[in-house]
Amino acid sequence: MVVLSVPAEVTVILLDIEGTTTPIAFVKDILFPYIKENVKEYLQTHWEEEECQQDVSLLRKQAEEDCHLDGAVPIPAASENGADDSQLMIQAVVDNVCWQMSLDRKTTALKQLQGHMWRAAFTAGHVKAEFFEDVIPAVRKWREAGMKVYIYSSGSVEAQKLLFGHSTEGDILELVDGHFDTKIGHKVESESYRKIADSIGCSTNNILFLTDVTLEASAAEDADVHVAVVVRPGNAGLTDDEKTYYSLITSFSDLNLPSST
Ligand SMILES: CSCCC(=O)C(=O)COP(=O)(O)O
Ligand SMILES: [Mg+2]
């Protein structure tokens, strides 16, 4: 087993979710199909609600920014035509969501709607979040050793809390000190990691970021954050150069905290 020593200056462990704490298959085979299968009915049921209208406004704004992209789906603004108009708009939102999901886009607008839709599935107990078996014991151990543990995922903070609040191991939200999503910035931008450090109240070099995506690791590293790339079953493969360049772990138990060395 390869053991990675955590630098002594690290006091915060920042975790990605999909491909790091949680199998990509859980997201791709359970969470995403739930959205595709239920988005039309969800919009029809909640259309008049403030939260749903805010989600649609954000998606419309995103659609305007995306208009130059191949296959982009516009969402028309409301007119005076009442119910017929709503049905046309709902179909446009459904088509826009499906188009974005076909590209696995990580826009804040898409992630906000998804988080709101998953609320019903998680709270009714229809879906329980999966975590790799090493995750919960390791996070408990890190916290006992005095580390702070934060999440940074493209999934909305609300969706993150649903996952941790409704896992196959029960409610494990208390294991997390805080959550960040793309509202602080995208995960492939270095500035996001500086803002996260500011928000936590530490320096970027006090943070160790664990992710499966090397573009995210590279952005974090440019901000002077320590990084390790997590290799899990079902994750995208790494190039030979990436395997050489990055510290790799296959389990959170591969990390050795300063006090335990
Ligand atoms: C946490 S919600 C479900 C996953 C999701 O929608 C997503 O985009 C995960 O991206 P990550 O940044 O955790 O790889
Ligand atoms: Mg990930």
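None of the values given here were measured: they were computed from a predicted structure.

## Section: the UniProt feature "binding site: Mg(2+)" (unreviewed entry) in the protein chain
- Mapped onto the present numbering, the UniProt feature "binding site: Mg(2+)" (unreviewed entry) falls at Asp16, Glu18 and Asp212. A maximum C-alpha distance of 8.0 Å is found for the annotated residues, which run over 197 residues; spatially they form one tight group. Filtering the just-named annotated residues for those lining the largest pocket gives Asp16, Glu18 and Asp212.
- Topologically, Asp16 is positioned in the loop between strand 2 (12–15) and helix 1 (24–46).
- Residue classification places Asp16 among the buried residues on the basis of a relative accessible area of 4%.
- Beyond its immediate stretch of four places on either side in the chain, Asp16 contacts Thr21, Tyr152, Lys187, Phe209, Leu210, Thr211, Asp212 and Glu216.

## Let's talk about the UniProt feature "binding site: substrate" (unreviewed entry) in the protein chain
- Residues annotated in UniProt with the feature "binding site: substrate" (unreviewed entry) correspond here to Ser153, Ser154 and Lys187. Separation in sequence by 35 residues is not matched in space for these annotated residues, since their most distant C-alpha atoms are only 7.8 Å apart. In the annotated set above, the residues contributing to the lining of the largest pocket are Ser153, Ser154 and Lys187.
- Structurally, Ser153 is set in the loop between strand 3 (148–152) and helix 6 (157–165).

## Observations concerning the domain arrangement of the protein chain
- Assigned domains of the protein chain: these are domain 1 (4–22 + 129–256) and domain 2 (28–124).
- The interface of domain 1 with domain 2 comprises 14 residues on the first partner and 13 residues on the second.
- Contact with domain 2 buries surface across domain 1, with Glu18, Glu158 and Leu162 losing the most and accounting together for 37% of the total.
- Counting across the interface, domain 1 meets domain 2 through three salt bridges.
- Its salt-bridge partner being Glu18, residue Lys28 comes within 3.6 Å of it at the nearest N-O pair.
- At the surface where domain 1 touches domain 2, the tally comes to four residue pairs in polar contact (both at pLDDT 80 or more).
- Grouping the constituent residues of the side of domain 1 that touches domain 2 by class yields four nonpolar, six polar and four charged.

## Topic: the coordination of the magnesium ion (ligand 2)
- Coordination of the magnesium ion (ligand 2) by the protein is provided by Asp16 (OD), Asp16 (OD), Glu18 (O) and Asp212 (OD), with metal-donor distances spanning 2.2 to 2.7 Å.
- Coordination of the magnesium ion (ligand 2) draws on donor residues from a single chain, spaced D-x1-E-x193-D in sequence. Residue Asp16 is found in the loop between strand 2 and helix 1, and its partner Asp212 is found in the loop between strand 5 (207–211) and helix 8 (214–222); the two are separated by 196 residues along the sequence. An identical accessibility class is assigned to Asp16 and Asp212; each is buried.

## Side note on the site of ligand 1
- For ligand 1, the set of nearby residues contains 15 residues, the closest of which are Asp16, Lys111, Ser153, Ser154 and Lys187.
- Placement of ligand 1 is best described as lying within the largest pocket.
- The class makeup of the residues in the shell around ligand 1 is six nonpolar, four polar and five charged.
- The two domains that each donate at least three residues to the shell around ligand 1 are domain 1 (4–22 + 129–256) and domain 2 (28–124).

## Brief notes about the layout of surface pockets
- A volume near 560 Å³ is recorded for the largest pocket.
- What lines the largest pocket is a set of 31 residues, and nearest its centre among them are Glu18, Lys106, Ser154, Val213 and Glu216.
- For the lining of the largest pocket, the secondary-structure elements that each account for two or more residues are helix 1, helix 4 (108–123), helix 6 and helix 8.
- For the lining of the largest pocket, the leading source of residues is helix 1, giving five residues.
- Of the residues that constitute the lining of the largest pocket, the class distribution is 13 nonpolar, eight polar and 10 charged.
- Domain assignment of the residues forming the lining of the largest pocket places at least three in each of domain 1 (4–22 + 129–256) and domain 2 (28–124).
- Of the pockets and cavities examined, the second largest pocket occupies roughly 190 Å³.

Criteria and thresholds
Residues numbered from 1 in each chain as written. Chains lettered and ligands numbered in written order. Predicted model: local features only at pLDDT ≥ 70, side-chain atom pairs only at ≥ 80, totals over all residues. Heavy atoms only, no water. UniProt positions renumbered as here; feature names shortened; annotations may be inferred. 1 Å grid on protein atoms, 1.4 Å probe; cavity = no way out; pocket = protein on both sides within 12 Å on 5 of 7 lines; lining within 4 Å. Helix = DSSP H or I, 4+ residues; strand = E, 2+ residues; numbered from the N terminus. Buried < 20%, exposed > 50% of the residue type's maximum accessible area, 1.4 Å probe, protein only. Contact = heavy atoms within 4.5 Å. Domains from an automatic or database assignment. Buried area = accessible area lost by both parts, 1.4 Å probe. Salt bridge = Lys/Arg side-chain N within 4 Å of Asp/Glu carboxyl O. Polar contact = N/O pair within 3.5 Å; in protein donor to acceptor, adjacent residues only side chain to side chain. Nonpolar A, V, L, I, M, F, W, Y, C, P; charged D, E, K, R; others polar. Donors = N, O, S within 2.8 Å, 3.2 Å for Na, K, Ca; no water. Near = heavy atom within 4 Å. Sits in = over half its atoms within 2 Å of the grid points. Points joined across faces, edges and corners; volume = space filled by probe spheres on them.

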